[in-house]
There are 2 protein chains.
Amino acid sequence: MFRSELAQQLRVDSVRASTAAGSGHPTSSMSAADLMAVLLDGHLRLDFSRPDHPANDHLIFSKGHASPLQYAAFKAVGAVEDDELLTFRAFGSRLEGHPTPVLPWVDVATGSLGQGLPVGVGLALAGKRLDRLPYRVWVLCGDSEMAEGSVWEALEHAGHEQLDNLIALVDVNRLGQTGPTMHGWDLSSYAARAQAAGWRTLEIDGHDLDEIESALAEAERGDGRPVMILAATQKGKGVAEVADKPGFHGKPLAHAEEAIAELGGLRDLRVKPVAPEDAAPHAFDTGNTGLPAYEEGTELATRKAYGQALAALGDRRGDVVAMDGEVSNSTFAELFRDAHPDRYFEMYIAEQQLIAAAVGMQVRGWCAFASTFAAFLSRAYDFVRMAAISRADLRLMGSHAGVAIGEDGPSQMALEDLAAFRAVHGSTVLYPCDANQTAHLVAAMADQPGISYLRTSRGAMPVIYPPDEEFPIGGAKVVRDGADVTLVGAGVTLHEALKAADLLAHEGIGARVIDLYSVKPVDTATLRQAAKETAGLVTAEDHWPEGGLGEAVLSALAEDPVPVRRLAVHEMPGSGKPAELLGQARIDATAIAEKARELVP
Amino acid sequence: MFRSELAQQLRVDSVRASTAAGSGHPTSSMSAADLMAVLLDGHLRLDFSRPDHPANDHLIFSKGHASPLQYAAFKAVGAVEDDELLTFRAFGSRLEGHPTPVLPWVDVATGSLGQGLPVGVGLALAGKRLDRLPYRVWVLCGDSEMAEGSVWEALEHAGHEQLDNLIALVDVNRLGQTGPTMHGWDLSSYAARAQAAGWRTLEIDGHDLDEIESALAEAERGDGRPVMILAATQKGKGVAEVADKPGFHGKPLAHAEEAIAELGGLRDLRVKPVAPEDAAPHAFDTGNTGLPAYEEGTELATRKAYGQALAALGDRRGDVVAMDGEVSNSTFAELFRDAHPDRYFEMYIAEQQLIAAAVGMQVRGWCAFASTFAAFLSRAYDFVRMAAISRADLRLMGSHAGVAIGEDGPSQMALEDLAAFRAVHGSTVLYPCDANQTAHLVAAMADQPGISYLRTSRGAMPVIYPPDEEFPIGGAKVVRDGADVTLVGAGVTLHEALKAADLLAHEGIGARVIDLYSVKPVDTATLRQAAKETAGLVTAEDHWPEGGLGEAVLSALAEDPVPVRRLAVHEMPGSGKPAELLGQARIDATAIAEKARELVP
């Protein structure tokens, strides 16, 4: 009786919140209200007064548009008051249209479908292998979002990793935004897919409180398999005008008063979830390994320096964890894997799950580094976008950037990554040119809030900095002084710029060379000083012309501009030797020197 | 005997090509050589001398790193000579590290795993529902790439659409780049997943030519289900030094001479694939509907104008097809669906498959428009990146851009899309501010090569242009003249800029207002003229500060710069009314006028 009353309250409050807002998704909330009522009353082990309790269960609304239900649940547990509930979607309210971590009980932002379950995999992995705590991860999924490939990546991984602390509640209300889903109420079609991936499945009537109780209790009896509860529900359940009818997605009810009456009117029930047990997370042993140091003049690929630095950092810091998309012998994440196997995660060729796992682990405070080819991080761009909305601290490494990779051809060349990552809110974009710089930047990333991205190169490059040189995020290095013209590069083009400066020196032209290793934030002061003291700037980047290093420089100088000549990759490259492709793209020393001459009076 | 000899030739030529190149993936080629030999000899119906033959079968190497095998096959059918084969991966060669359509028999670029099968779904849909021709689509998949969610999106769709003209050959060699795959040689684990999605599966020994023959013949007897042939193979099959051993991924063989001898030495067999039947593709009836015209001063959302224009265009042009990611009542692609149901495809919430379907259809010359929320196109960014390498002509529409959407919150706001799409090679980025402009740009996109992106807005905006105004791609409109300062906007900020110009006019400041509807290519001449004739430019965009309209303007002026003040979204927005969020982001008329005053002497 209490649970059915609670469920009706969740429905009523979902209706009230969306009516107050004038928008939102009440019918998508009403279908899952019974599931939520039973979960809150006896199954979810979460102390809402201590959202950072390490042993708390986690509850993710992968169907983030059911935010009215989530907020109604927060009210039912006493975390949110009724007057705040009615600020839903209002300017300045914490109760945003889709949930975000501005609310302390929301781990990650959702609203882009198919992301909650892969993030749940990351949290469940953290529970099993890092925190080593018995918390469970409950993920409320919609049936429409099961069409997202990322959901199937999550199914594969959870099954493979035997995450029986992960429970997906799938609200099969059969109606998407525009019409019926592919599978309607055919629960067995979902079950067959999940079972094939190693999941245990339970098919229930999602409005039968006893069936829900049995399923949740059964799910809690872990048997080494993740659990998917497939609940047949009605969208808009409880209000005849809208129940199981198309055309009511994402709309407040037309007759809210009558609907609330039909649902039995207002209630003010409170439910107290089970308290989590008192337990502390596991801590890994640490050592005193310093950052690797490289002798000037030796040659090493920055991707290899990444692996070496990360392995060393992992020794000093027990909170550092790493994962890779089945290319760890290319990114050299394998060096971390070999040094710290307990803190390494093989995510196979599933970049969305790779990023989502890192997002899930950082929810629990782990300092997660994720790596793959820079080109393939584009596969997870929506996950990175959402991670920024989740206020996630995330460290990404993309290797094999640009035409400089050579023979593998354009499918493996990241040429848009600087633009894509610069356009992530609050991001940091780093692009080292030598091994010592790489090591320092890897260490800096561990302490950097938000999403930081390190672009590394395939080929070996000479070490030009001493091991004790410092590289603050937001800084730049004047690696050669000169008063006539300024050359700006980073990574492989920094070395080309240095060669260009040599060429120009022979002609009596003094070229200043700036290493713009921090593409975002950018060192405006150093650039402006160069703008003031030389005739102009030449930028060179192994990237398309848009959104990368060149435009970062233009932005820094926008209000007080000087002439800037920009070199970047303009034509679609093919295969070839790195030097051939740098030359063809006109981002090599010859091209840089030529542009520089145009600027010298 | 011929087939086994042919298979050995394919292996030998894969070894020779990668040895000549000094890089490449011979072992990944050798595992699939028997599959390819049987396919070429009697099953593939493809006239290599007429790559544009409408009834040709299609062959996609989803495991693009097996390019040596693909090129060896092209040699075996006489399409490529031996001396060209040995230019593999050399600078200027058509035989790039991973296949691209610079070769006429390659439909799409591969090399980013998990894309070939979803593109194959698009081609198979075209065969069934557009061309209405009996061609088959053969996709060679690797087992590692089955971990990609996009593969499962393809499985879902192909099963749902009953594409029995689609045949996936999965080369289960059990070894990925760094180690064993998740499922090894457990063919049944793949079969269970595919069967759950409605596929017919056949499990075979991938080195038994009779089993392969039976499977291909069986697959050709369509029964309404797509077919997955799961072939257990050995990576490096045929050469004991590398066969079924880890550590040899992506490396030429160390002892190529001995390997070739072990494989029976050089051969020069030729195989002639079956000729396709002579048949012409279906053509849809057309009418004379003109573009919709809107009266100045009326209000309409540009997303709605998109749907109306696309429906009209579809009447005039029978080659126009459309698809959407289950939000067609928001993007108004539903207007096309209702007008042209035969040419509309519901792709559900699977954005990777959405883009891949469009890519597949344009291979056959269909003019494909794909739409969803602009924010969710980021889910398919890698597919768009690869589409550019595929030289695909693709029309994308992203709705609900920017903070101007209001209450739904940041997960639904595209704020990085201009940056992401500008950084796609050869792309066109359009951002209309009224309904007539939208209609003209939709029509222009149909004739535009490469990838064009239309950013539309959620809210209604006033029509400011007459219906007969023209909007060339690469142009801009001076919508208000003025000699003191220039305001540059597009979409919602164009209207704010007009209001700002009104505010400034009251103060005696003459503001020129430029509508930068073509963000890429950008109208450098109009911007430079404004730079010359006014004190400076203010740009305003409903987008993060990086890579969007502001930086497009800076790039246009880079070599001959003037002061530019840029307004963009700097802080993470929440929910609220559009006007509240535009004000908070300081991209509204008030903020624009304020910035403009800073520039006026």
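Bear in mind that the values here come from a model prediction, so they are computed numbers and not experimental data.

Parameters and conventions
- Residues numbered from 1 in each chain as written.
- Chains lettered and ligands numbered in written order.
- Predicted model: local features only at pLDDT ≥ 70, side-chain atom pairs only at ≥ 80, totals over all residues.
- Heavy atoms only, no water.
- Helix = DSSP H or I, 4+ residues; strand = E, 2+ residues; numbered from the N terminus.
- Rg over C-alpha atoms; globule rule 2.2 N^0.38 Å.
- Buried < 20%, exposed > 50% of the residue type's maximum accessible area, 1.4 Å probe, protein only.
- Contact = heavy atoms within 4.5 Å.
- Buried area = accessible area lost by both parts, 1.4 Å probe.
- Salt bridge = Lys/Arg side-chain N within 4 Å of Asp/Glu carboxyl O.
- Polar contact = N/O pair within 3.5 Å; in protein donor to acceptor, adjacent residues only side chain to side chain.
- Nonpolar A, V, L, I, M, F, W, Y, C, P; charged D, E, K, R; others polar.
- Pairing = 2+ DSSP bridges.
- Axes fitted to C-alpha atoms, helices over the stretch in contact; angles between N-to-C directions.
- Expected span 1.5 Å × (residues − 1).
- Phe/Tyr/Trp six-rings, centres within 6.5 Å; stacked < 30°, edge-to-face > 60°.
- Lys NZ or Arg CZ within 6 Å of the ring centre and 35° of its normal.
- Parallel < 35°, antiparallel > 145°, perpendicular 65-115°, else oblique.
- UniProt positions renumbered as here; feature names shortened; annotations may be inferred.

**Student:** Kindly report on the overall build of chain A, identifying the contributing residues and their values.
**Tutor:** Looking only at helices and strands, chain A has 23 helices and 19 strands in total. Whereas a compact globule of 601 residues would reach a radius of gyration of roughly 25 Å, chain A reaches 27 Å, a difference of no more than 12%. Overall size of chain A, expressed as C-alpha extent along the three principal axes, is 90 × 50 × 40 Å. Out of the 601 residues in chain A, the part that is buried amounts to 69%. The long-range share in chain A, meaning contacts at least 24 apart out of those at least 6 apart in sequence, stands at 78%.

**Student:** I'd like to hear about the interface of chain A and chain B, residue by residue, with values.
**Tutor:** A common way to report how large an interface is uses the accessible area buried once the components associate. In this assembly, 97 residues from chain A lie in contact with 97 residues from chain B. Of all residues in chain A, F91, M182 and R379 of chain A give up the largest surface area on contact with chain B, accounting jointly for 10% of the area buried on that side. The residue E551 of chain B makes a salt bridge to R422 of chain A at a minimum N-O spacing of 2.7 Å. Counting across the chain A and chain B interface gives 55 residue pairs in polar contact (both at pLDDT 80 or more). Along the lines of polarity and charge, the residues of the side of chain A that touches chain B split into 36 nonpolar, 36 polar and 25 charged.

**Student:** Please set out the sheet that holds strand β9 (residues 367-373) of chain A residue by residue, giving values where relevant.
**Tutor:** In a beta sheet, neighbouring strands are held together by backbone hydrogen bonds and run either parallel or antiparallel to one another. All names here are of chain A. In spatial order, the strands read β8-β7-β9-β10-β12-β11-β17; together these seven strands make up an open sheet with mixed pairing. Each edge of the sheet is formed by a strand with only one pairing partner; in this case those strands are β8 (344-346) and β17 (518-520). Strand-to-strand twist in this sheet, taken as the mean axis angle between neighbours without regard to direction, amounts to 20°. Direction of pairing for strand β7 (residues 320-324) relative to β8: parallel, over a ladder of three bridges. Paired with A322 across the two strands is Y344, which belongs to β8.

**Student:** Describe helix α11 (residues 302-316) of chain A, with residues and values.
**Tutor:** Helix length check: α11 of chain A, at 15 residues, gives a terminal C-alpha distance of 21 Å against a target of 21 Å (1.5 Å per residue), a fit within 8%. Taking burial as the measure, the 15 residues of α11 of chain A include 11 buried ones, the bulk of the element.

**Student:** Give a description of the packing of aromatic side chains that names residues and reports values.
**Tutor:** For the structure shown, the criterion picks out 23 aromatic pairs over all chains. Measuring from ring centre to ring centre gives 4.8 Å for Y465 of chain B and F471 of chain B, while their planes differ by 75°; the resulting arrangement is edge-to-face. Taken as a pair, Y465 of chain B and F471 of chain B share a single burial class, namely buried. Each member of the aromatic cluster is reached from another via a ring pair, and the members are F48, Y71, F74, F88 and W105 of chain A. Lying over the aromatic face of W185 of chain A, R174 of chain A brings its terminal NZ or CZ to 5.1 Å of the ring centre. Sitting over the face of the ring of Y431 of chain B, R455 of chain B holds its NZ or CZ atom 4.8 Å from the ring centroid.

**Student:** Tell me what's going on with the packing of helix α20 (residues 524-533) of chain A against helix α21 (residues 549-557) of chain A, and back it up with residues and numbers.
**Tutor:** All names here are of chain A. One way to put it is that α20 packs onto α21 with a least axis distance of 9 Å and a crossing angle of 80°. As the angle between them shows, α20 and α21 are arranged roughly perpendicular. For the pair α20 and α21, contact is made by T524, L527, R528 and A531 and by V553, A556 and L557, respectively. Considering only residue class, the contact of α20 with α21 consists of five nonpolar, one polar and one charged.

**Student:** So what's going on with the UniProt feature "domain: Transketolase-like pyrimidine-binding" (unreviewed entry) in chain A? Residues and values would help.
**Tutor:** Per the UniProt annotation, the sites labelled "domain: Transketolase-like pyrimidine-binding" (unreviewed entry) are residues 300-463 of chain A. Along residues 300-463 of chain A, the helical share is 42% and the strand share 21%, with 7 Å between the first and last C-alpha atoms.

**Student:** Any chance you could break down the environment of G64 of chain B for me, citing the residues and the numbers?
**Tutor:** All names here are of chain B. With respect to the helices and strands, the residue G64 is situated in the loop between β1 (58-61) and α4 (67-76). Exposure remark for G64: the relative accessible area of 0% places this residue in the buried category. Note: C-alpha distance between G64 and S411 (347 residues apart in sequence) is 34 Å. With residues up to four places along the chain from it excluded, the contact list for G64 reads G97, H98, P99, T110 and G111.

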